[in-house]
Amino acid sequence: MFEVGEYVRTRVMNPDGHTRIPAYLRGRPCRILNCAGTFLFSDARANGKPDVVQSLYTVLFAARDVWGADADGTTSLVADLFESYLEKRT
Amino acid sequence: MSHSHEHDHEASAAISNRVKHLIGTLERRGILTESQVDATIHSFLSKARPANGFRVVARAWVDGEFKQRLLTDATSAVGELGVDLSHWAPVRIRAVENTHALHNVIVCTLCSCYPLSLLGPSPTWYKSEAYRSRVVRDPRSVLDEFGVRLAPDKEVRVWDSTSELRYFVVPERPAGTGSLSEAELGELVTTNGLIGTALV
């Protein structure tokens, strides 16, 4: 579980088959905006595995943390990401 | 653009073929009938109209308490206006508000997720690879091409619809509309305004 406002990071991952974390948002620092509740984990469903329920978080990224220092400093990105895509920031 | 257009066309033809094949198989096995498929599509599309979204925004502009409920739990709030989303579960919708300091814009980079029930079928450009790839990398340039010019210090926030939530934008109410009725305000709202690629 993550707290609203917590600074976290998306995992670097390349799973076989369907996933809902876009490649451009993997391995990036980000912040939890809110928890959208629990949903069936799309990756398991799409890949024919048994249903798993996971928390889904709305997560905020600064464009510079995604695209680098030359990105616009006033742009941010938001995505809804399952708990297993995220890890504590060390 | 022509290359990307051809690619989109080939991709949609491939998907149409798969859907046709799947429906054919289900029909042959007696799991579905063609009329059931038609009735489901009709029921979905007859409820999915952009007028729903326009009405929701106009109400939010005239009723601050409704707007708060909309921003907190849009799925429930639109139900107050008779917009039925039950055919769409488990998808939920979320409203994001434009302010003097923040402009929101919606995309789905993974496919073309869209608040269909509130806005009807999505515009062709929304599904294009050009929009989906560019708006997350350089939203100000994309918005500029749509004629949306924002103050340089205004935050631009791009919402990538990656999961079971569908976003729509509540635009800022235009200045000088204090005397307009709720119905007249609804006529000012546009589909692009609810995606964030136009101001109202």
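This section reports on the structure supplied with the text. Predicted model, so just to flag it, every value in this text is computed and none were measured.

1. Regarding the overall build of chain A
Step number 1: Tallying secondary structure elements over chain A gives two helices and five strands in all.
Step number 2: The dimensions of chain A, computed from C-alpha atoms along their principal axes, are 40 × 25 × 20 Å.
Step number 3: Expressed as a percentage of its 90 residues, the buried residues of chain A come to 47%.
Step number 4: In chain A, 58% of the contacts between residues at least 6 apart in sequence involve partners at least 24 apart.
Step number 5: Counting only carbon and sulfur atoms, one obtains 50% of the accessible surface of chain A, whose full area is about 4,400 Å².
Step number 6: When the 11 basic and 11 acidic side-chain charges of chain A are each reduced to a single mean position, those positions are 2 Å apart.

2. Points about the side chain of Ser122(B)
All names here are of chain B.
Step number 1: Inspection of the secondary structure puts Ser-122 in the loop between α6 (116-119) and α7 (124-127).
Step number 2: The buried category is assigned to Ser-122, whose relative accessible area is 16%.
Step number 3: Look past the residues within four positions of Ser-122 in its chain and what remains in contact with it is Tyr-114 and Lys-127.

3. A look at the interface of chain A and chain B
Step number 1: The partner chain B presents 23 residues to the 26 residues of chain A that form the contact.
Step number 2: Counting each side, the surface lost to burial between chain A and chain B is near 2,000 Å², with a carbon and sulfur contribution of 49%.
Step number 3: Inspection of the region where chain A meets chain B yields one salt bridge.
Step number 4: At the junction of chain A and chain B, the tally comes to 16 residue pairs in polar contact (both at pLDDT 80 or more).
Step number 5: Among the elements that take part in the side of chain A that touches chain B, strand β4 (residues 75-82) of chain A stands out by supplying eight residues, more than any other.
Step number 6: Classifying every residue of the side of chain A that touches chain B gives 14 nonpolar, eight polar and four charged.
Step number 7: With five bridges joining them, β4(A) and strand β3 (residues 155-160) of chain B adopt parallel strand pairing. Bridge pairing in β3(B) places Ser76(A) opposite Arg157(B).

4. Some thoughts on the sheet that holds β4(A)
Step number 1: Spatially, the seven strands line up as an open sheet ordered β5(A)-β1(A)-β2(A)-β3(A)-β4(A)-β3(B)-β2(B), and their pairing is mixed. Among the strands making up the open sheet, the edge pair consists of β5 (86-88) of chain A together with β2 (102-107) of chain B. Pairwise comparison of adjacent strand axes, ignoring direction, gives a mean angle of 35 degrees for this sheet.
Step number 2: Pairing of strand β2 (residues 29-40) of chain A with strand β3 (residues 53-62) of chain A, which is carried by eight bridges, proceeds in the antiparallel orientation. Each residue of the ladder has a partner; that of Gly37(A), found in β3(A), is Leu56(A).
Step number 3: Together, β4 of chain A together with β2 and β3 of chain B form the strand contacts of helix α8 (residues 129-137) of chain B, whose direction differs from that of β2(B) by roughly 150 degrees.

5. A few points about the state of the cysteines
Step number 1: Counting across every chain of the model gives zero disulfides over all chains.
Step number 2: Summary of cysteine pairing: Cys35(A) is not part of a disulfide, and the nearest cysteine sulfur, belonging to Cys30(A), is at 14 Å.
Step number 3: Its sulfur unpaired, Cys111(B) is 3.5 Å from the next cysteine sulfur, which belongs to Cys108(B).

6. Examining the packing of aromatic side chains
Residues and elements named next belong to chain B.
Step number 1: In this structure the tally under the stated criterion is 12 aromatic pairs over all chains.
Step number 2: With a centroid separation of 6.2 Å and 70 degrees between ring planes, the pair formed by Trp-125 and Tyr-126 is classed as edge-to-face.
Step number 3: We classify Tyr-126 as buried; its relative accessible area is 1%.
Step number 4: Aromatic rings pair up to connect Tyr-114, Trp-125, Tyr-126, Tyr-131 and Phe-146 into one cluster.

7. Quick notes on the layout of surface pockets
Step number 1: Quantified by volume, the second largest pocket comes out at close to 250 Å³.
Step number 2: If you go around the second largest pocket, you meet 17 residues; those closest to its centre are His18(A), Arg20(A), Ser42(A), Arg45(A) and Glu164(B).
Step number 3: Every element with two or more residues in the lining of the second largest pocket is listed here: β2 and α1 (42-46) of chain A.
Step number 4: When residues in the lining of the second largest pocket are grouped by element, the largest group, three residues, is from α1(A).
Step number 5: Considered class by class, the residues forming the lining of the second largest pocket number eight nonpolar, five polar and four charged.

8. Thoughts on the nonpolar core
Step number 1: In this structure, Leu86(A), Leu70(B) and Phe168(B) are the most contacted members of the largest nonpolar core, which totals 73 residues.
Step number 2: When residues of this core are assigned to their parent elements, the largest contribution, six residues, is made by helix α3 (residues 50-62) of chain B.
Step number 3: When sequence neighbours within four positions are dropped, the list of residues in contact with Leu86(A) reads Phe2(A), Val8(A), Arg9(A), Thr10(A), Arg11(A), Cys30(A), Ile32(A), Tyr57(A), Val59(A) and Leu81(A).

What counts, and at which threshold
- Per-chain numbering applies: the sequence of each chain, read as written, is numbered from 1 onward.
- Just so you know, chain letters begin at A and ligand numbers begin at 1, following the order they were written in.
- This being a predicted model, a pLDDT of at least 70 is required before a residue's local features are given, and a value of 80 or more before pairs of side-chain atoms are given or counted; all residues contribute to the totals for chains, interfaces and linings.
- Where side-chain values are given, they derive from all heavy atoms of the structure, hydrogens and water being excluded.
- Secondary structure follows DSSP: runs of H or I at least 4 residues long count as helices, runs of E at least 2 residues long count as strands, and numbering of each begins at the N terminus.
- Only protein chains enter the calculation, and the probe is 1.4 Å; a residue is then buried if its accessible area is under 20% of its type maximum, exposed if over 50%, and partly exposed in between.
- Only heavy atoms matter for contacts: two residues are in contact if any of them lie within 4.5 Å across the pair.
- For the area figures, the Shrake-Rupley method with a 1.4 Å probe applies, and any residue is considered shielded solely by the protein chains shown.
- This count recognises Lys and Arg as positive and Asp and Glu as negative, with His and chain-terminal groups excluded.
- By convention, the charge on Lys lies at NZ, on Arg at CZ, on Asp at CG and on Glu at CD.
- The term buried area means the drop in 1.4 Å probe accessible area that two parts suffer when joined, counted for both and summed.
- Salt bridges, as used here, are contacts in which a Lys or Arg side-chain nitrogen is within 4 Å of a carboxyl oxygen on Asp or Glu.
- Pairs of N or O atoms are called polar contacts if they sit within 3.5 Å, as long as, within protein, a hydrogen donor faces a hydrogen acceptor (for residues adjacent in sequence, only side-chain-to-side-chain pairs).
- Amino acids are sorted into nonpolar (Ala, Val, Leu, Ile, Met, Phe, Trp, Tyr, Cys and Pro), charged (Asp, Glu, Lys and Arg) and polar (every other residue, Gly among them).
- DSSP bridges decide pairing: two strands pair if at least two such bridges lie between them.
- Every axis corresponds to a line fitted to the C-alpha atoms, with the helix fit spanning only the stretch in contact, and the corresponding angles, defined between N-to-C directions, vary from 0 to 180 degrees.
- The disulfide definition used here is simple: a pair of cysteine sulfur atoms within 2.5 Å.
- For this analysis, a ring pair means two rings from Phe, Tyr or Trp (six-membered ring only for Trp) whose centres lie within 6.5 Å, classed as stacked if their planes differ by under 30 degrees, edge-to-face if by over 60, and tilted for the remaining angles.
- The way it works is a 1 Å grid over only the protein atoms, where trapped points that fit a 1.4 Å probe form a cavity and open points with protein on both sides within 12 Å along at least five of seven lines form a pocket, and then any residue with an atom within 4 Å of a point lines it.
- Grid points are joined across faces, edges and corners, and a volume is the space filled by probe spheres set on the points.
- Among buried residues, those of type Ala, Val, Leu, Ile, Met, Phe, Trp, Tyr and Cys that are joined through side-chain atoms within 4.5 Å constitute a nonpolar core.

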